[in-house]
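Residue-level listing of the chains:
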Amino acid sequence: MATSHSVTVDDPHAAHGGDGHGHEEHMLVGHDGQLHPSRLQHFFVSSEQQFEASKLGMWLFLATEILLFGGMFVAYGIFRVLYPELYEQASLQLDTVLGAANTLVLLLSSLTMAWAIRGAQMDNRKVLVGNLVATIVLASGFLVVKYFEYTHKFELGIWPGVNFELDEGTQRVSDLTGAVALTPAFTPAGGEEGAPEATNETEDAEVVEADAGALGAADAPLAGEDQAAPAGDDDAVPDSPAATGEGGGEAAAGEGVGAEAAVDVTAGPAAAANLDAPGELASAGLETEHGDDHGSGHGREGEIFSNRRAGIFFAIYYVMTGIHALHIVIGIIAIGFLVFFAQRGDYSSVWYTPVENVGLYWHIVDIIWIFVFPLMYLI
Amino acid sequence: MRAPGMTWNRMPLFLWSIYATSIVQILATPVIGITMVLLVMERLLGVGIFDPALGGDPVLFQHFFWFYSHPAVYIMILPAFGVISELMGTFSRQRVYGYRAVALSSVAIALLGFLVWGHHMFTSGQSPVSSVVFSLITFLIGIPSGIKIFNWIWTMYKGSVWLKTPMLYALTFLFLFTIGGVTGIMVGALAVDIHLHDTYFVVAHFHYVMMGGTVMAFLGGIHYWWPKMTGKLYNETLGKVSALLVFLGFNMTFFIQFVMGSQGMPRRYYDYPDMPWLEPLHQASTIGSYVLGLGLLVVLINGMLSLRKKTPKAPGNPWGGATLEWTHTTSPPDHHNFHHTPLVTHGPYDYEVLFQTSGDSQRGAPVPVVEVGGPQEMDKSVDDGTRQPDSPSDM
């Protein structure tokens, strides 16, 4: 939207309204309406050329940003194809309301950013600074919401990576060694014929048995394929009272935390179900683990707690939203500098290249979120 | 910064190739960047992305890796193409044939180079459909590469070929890179690749393209611009000896590997007890590598010898090149490169204009630096419309 406004003004004095910073004209604008030599680099013919060159560079940078995020979107897509049900279940753990609120916040911040650029074009410093500050406030709001989303998940035990532990008795990803029960359906060369089918069978078996609510169903592939695998947690439960007691205690603790979380954060029905699931476990004690979640009617919300691979979805989730949040932080810092310089009166309709470029950056960060939100939260 | 009158179609072909290279660099590097970030996340936090033990997909890593690493070989070879274009023009005393085709084929290679990464993964278990598509697009790369090769050959035809060291390296490039390209078509073919994958054939192909291509062009280019960079001429005899040693040593080292690879010698193996007949071939290849190393050592010694004080200073234009660095400045260039901003009125390989100006069209004679330009001359030619006005749309 800003591109249609040329930097050069034929008569700079006409373009500058009486907004009380007329002295800058002499500082920034030469007598011919071009930029003052201090702003115009010697290798550019005109200020338009300099502006356009600067913007071209920014667009190139944005292209690299899109490719950077493109890699993560590809990873998301691949794992979605490999583990479709997992994605369906796991995405229910994300709070759609908070996500939608953040989307709205970012869209609004894009509006204020564009408005700030308009302010620079109109030489209206109040509009420029006010909108830049509003953008920072909105961006910080986004981060605050993100903070509550993250901490809520941490309380549920949804950590990124090795510490991922959804439920009592559910193995941490770090406990699983080898390709046991975790081999993707898509097996690289070497397995040739047998492997993909075998993997599919493994998955089916797991699902079927989990549906039946049988004890230890989910570790059947573990036991079958690798006796030495650290399936100890599950196997030990029926045999050793000590282990059982511990397990129950943990689950009860988990319940308490979950209750707090549900109160603190306005979580939807999904969180309520999560809250129930550990309770069920605690009461059911040693008898059931994965099966009972399902059997007691908590449906898919409960089932995800028994899915060891749920960590993969949340790995992608944390990486994508984390790197996106990092971009937000960088954006806030950049806009902070803009506020400082704008307050000082550095920008005018003749020269506002940094505002324009940071604006472009801010829009791309917004657009990336527009894609992340439906992919993560909605589908 | 840009000389007045320097339009797209007056740029030396080396600059075109650098332009194409920068497209690849900008668009391919972020992908390896995010791959590294994901890898670090996997190692530090244990999130499962690539490691099958954590539920990840190693083939995904291969895709990410090759999405960068295949374009990366074009980052290496495209500037080499540009150097060869310069050498072919200067040492054939002939306008580079098909200037626009050569220039645009660089851009075409840069863009097509993004669509062929899967040909490294024919045996990785990717879907047969994508393998066929990748194979097809790989063949398409042969078209712009062929355009270049044929135009360079045609540049020499009826030219006045001057066999100085840089040109010897350029001819070596033509020979070796053509072999590398043709064997590239071989390993790009699906069925053949299944047989040749991970054998010495691939090693030989890679070296014919990357060493026979990039390194030969680098050696030619460094000899060509050596006087411009250092102000000293290297010893021509030593230069020719090095070119000969490199050519012989290279072929002895790597041509044999085509033979061994097609016989099934796998790469990364130090032992081959089931194939005793390969031993003399391996030994010959090793001897070849010594010859190659000796050749490169001669290059190094030659360069260092030329930097001695007693070596005479190089003239401004020892090769009779027609591009601005030869015609408008001394060797090495002064501070700020040019006394007057050069005014570009014709394409980069207009040798006729050069000889007319210098009054010396004799082959081999150093051409004096032409002092054209200056404020008055510039203004005049702006008026008669020979230069295109600079505008942002030129960018």
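Residues numbered from 1 in each chain as written. Chains lettered and ligands numbered in written order. Predicted model: local features only at pLDDT ≥ 70, side-chain atom pairs only at ≥ 80, totals over all residues.

**Student:** Tell me about the overall build of chain B, and please be specific about residues and values.
**Tutor:** What chain B contains, in helices and strands, is 12 helices and 0 strands. Reading chain B from its N terminus to its C terminus gives the helix and strand order α-α-α-α-α-α-α-α-α-α-α-α. Counting across all 395 residues of chain B, residues that qualify as buried make up 44%. (Helix = DSSP H or I, 4+ residues; strand = E, 2+ residues; numbered from the N terminus. Buried ≥ 20, exposed ≤ 12 C-beta atoms within 10 Å, placed from the backbone.)

**Student:** Mind laying out the overall build of chain A, listing which residues take part and the relevant values?
**Tutor:** Within chain A one finds 14 helices and 0 strands. Secondary structure of chain A in N-to-C order comes out as α-α-α-α-α-α-α-α-α-α-α-α-α-α. Within chain A, residue pairs in contact and separated by at least 24 positions form 69% of the contacts whose partners lie at least 6 positions apart. (Contact = placed C-beta atoms within 7 Å.)

**Student:** Can you lay out unusual backbone geometry for me, pointing to particular residues and giving the numbers?
**Tutor:** Residue and element names in this part refer to chain B. Here Ser-331 and Pro-332 are connected by a cis peptide whose omega angle stands at -15 degrees. The backbone of Lys-158 sits at a positive phi, close to 60 degrees, despite the residue not being glycine. By the secondary structure assignment, Lys-158 is in the loop between helix H4 (128–156) and helix H5 (165–188). Phi angles above zero are rare outside glycine, and Arg-268 is one such case at about 65 degrees. Inspection of the secondary structure puts Arg-268 in the loop between helix H8 (236–262) and helix H9 (279–306).

**Student:** Could you give me a rundown of the environment of Tyr-347 of chain A, with the residues and numbers involved?
**Tutor:** Mapping Tyr-347 of chain A onto the fold places it in the loop between helix H13 (310–344) and helix H14 (353–378). Other than its neighbours up to four places away in sequence, Tyr-347 of chain A contacts Ala-120, Leu-128, Phe-341, Ala-342, Tyr-352 and Val-355 of chain A.

**Student:** Describe the packing of helix H1 (residues 13–45) of chain B against helix H3 (residues 99–112) of chain B, listing the residues and the values that go with them.
**Tutor:** For any two helices packed against each other, the geometry comes down to the angle between their axes and how far apart the axes lie. All names here are of chain B. Packing of H1 against H3 brings their axes to within 9 Å, and their N-to-C directions diverge by 15 degrees. Between H1 and H3, the angle falls in the class roughly parallel. Crossing angle aside, the handedness with which H1 passes H3 is right-handed. Along its contact with H1, which presents Leu-13, Trp-16, Ser-17, Ala-20, Ile-23 and Val-24, the element H3 presents Val-102, Ala-103, Ser-106, Val-107, Ile-109 and Ala-110. In terms of residue class, the contact of H1 with H3 is built from 10 nonpolar, 2 polar and no charged. (Axes fitted to C-alpha atoms, helices over the stretch in contact; angles between N-to-C directions. Parallel < 35°, antiparallel > 145°, perpendicular 65-115°, else oblique. Left-handed = near helix turned anticlockwise from the far one by under 90°. Nonpolar A, V, L, I, M, F, W, Y, C, P; charged D, E, K, R; others polar.)

**Student:** Quick one: what's the story with the environment of Tyr-200 of chain B, residue by residue and with numbers?
**Tutor:** Residue and element names in this part refer to chain B. Structurally, Tyr-200 is set in helix H7 (residues 200–230). By the C-beta count within 10 Å, which is 27 here, Tyr-200 ends up buried. Separated by 57 residues in the primary sequence, Tyr-200 and Gln-257 place their C-alpha atoms 5.4 Å from one another. With near-sequence residues (within four places) excluded, Tyr-200 lies in contact with Gln-257, Met-260, Gly-261, Met-265 and Arg-267.

**Student:** Run through the nonpolar core, naming residues and quoting values.
**Tutor:** Residues Ile-316 and Val-319 of chain A together with Ile-84, Ala-170 and Phe-173 of chain B are the most contacted members of the largest nonpolar core, which totals 139 residues. A total of 17 residues in this core trace back to one element, the largest contributor, which is helix H2 (residues 58–92) of chain B. With sequence-adjacent residues up to four places away left out, Val-319 of chain A is seen in contact with Met-72 of chain A together with Leu-38, Met-41 and Val-47 of chain B. (Core = buried A, V, L, I, M, F, W, Y, C linked by C-beta atoms within 7 Å.)

**Student:** Pulling in residues and values, what's your account of the environment of Gly-331 of chain A?
**Tutor:** Residue and element names in this part refer to chain A. Along the polypeptide, Gly-331 turns up in helix H13. Residue classification places Gly-331 among the buried positions, given that 22 C-beta atoms sit within 10 Å. Sequence spacing of Gly-331 and Leu-128 is 203 residues, and the spatial spacing of their C-alpha atoms is 16 Å. Apart from the residues within four sequence positions on either side, Gly-331 is in contact with Ala-139, Tyr-361, Trp-362 and Val-365.

**Student:** Account for H1 of chain B, with residues named and values stated.
**Tutor:** Residues and elements named next belong to chain B. The end-to-end C-alpha distance of H1 is 48 Å, a good match for the 48 Å that 33 residues give at a rise of 1.5 Å each. The largest bend in H1 amounts to roughly 25 degrees and is located at Ala-28, with the proline Pro-30 lying one to four residues further along. Directly after H1, the chain includes Gly-46, whose backbone phi takes a positive value near 80 degrees. (Expected span 1.5 Å × (residues − 1). Bend = angle between axes of the 7 residues up to and from the residue.)

**Student:** Which residues make up the packing of H5 of chain B against H8 of chain B, and what values do they have?
**Tutor:** All names here are of chain B. Running from N to C, H5 and H8 point in directions that differ by 10 degrees, and their axes come no closer than 9 Å. The orientation of H5 relative to H8 falls into the category roughly parallel. Where H5 abuts H8, its residues Thr-165, Leu-168, Tyr-169, Thr-172, Leu-176 and Thr-183 lie against Glu-236, Gly-239, Lys-240, Ala-243, Phe-247, Phe-250 and Phe-258. The residue inventory of the contact of H5 with H8, partitioned by class, reads 7 nonpolar, 4 polar and 2 charged.

**Student:** Lay out H9 of chain B with the relevant residues and their values.
**Tutor:** All names here are of chain B. Taking 1.5 Å per residue as the helical rise, H9 with its 28 residues ought to reach 40 Å, and the 41 Å between its terminal C-alpha atoms agrees with that figure. Turning to H9, its buried residues are Ser-285, Gly-288, Leu-292, Gly-295, Val-298, Val-299, Asn-302 and Ser-306. The elements touched by buried residues of H9 are H7 and H8.

**Student:** Describe the confidence of the model for chain A, naming the residues involved and giving the relevant values.
**Tutor:** All names here are of chain A. Taken residue by residue, chain A gives an average pLDDT of 66. The fraction at 70 or more is 50%. When the criterion is pLDDT under 50, residues 1–28 qualifies, and its contacts beyond four places in sequence or with other chains add up to 46 contacts. Every residue in residues 168–303 is under pLDDT 50, and counting partners more than four places away or in other chains gives 187 contacts. (pLDDT = per-residue confidence, 0-100.)

**Student:** Explain the confidence of the model for chain B to me, using residue names and the numbers behind them.
**Tutor:** All names here are of chain B. Put simply, chain B has an average pLDDT of 87, and 89% of its residues get 70 or more. Between residues 359–366, whose pLDDT stays under 50, and residues either more than four places distant or in other chains, the model counts 11 contacts. Here the complex is predicted with pTM 0.71, and the ipTM for its interfaces comes to 0.75.

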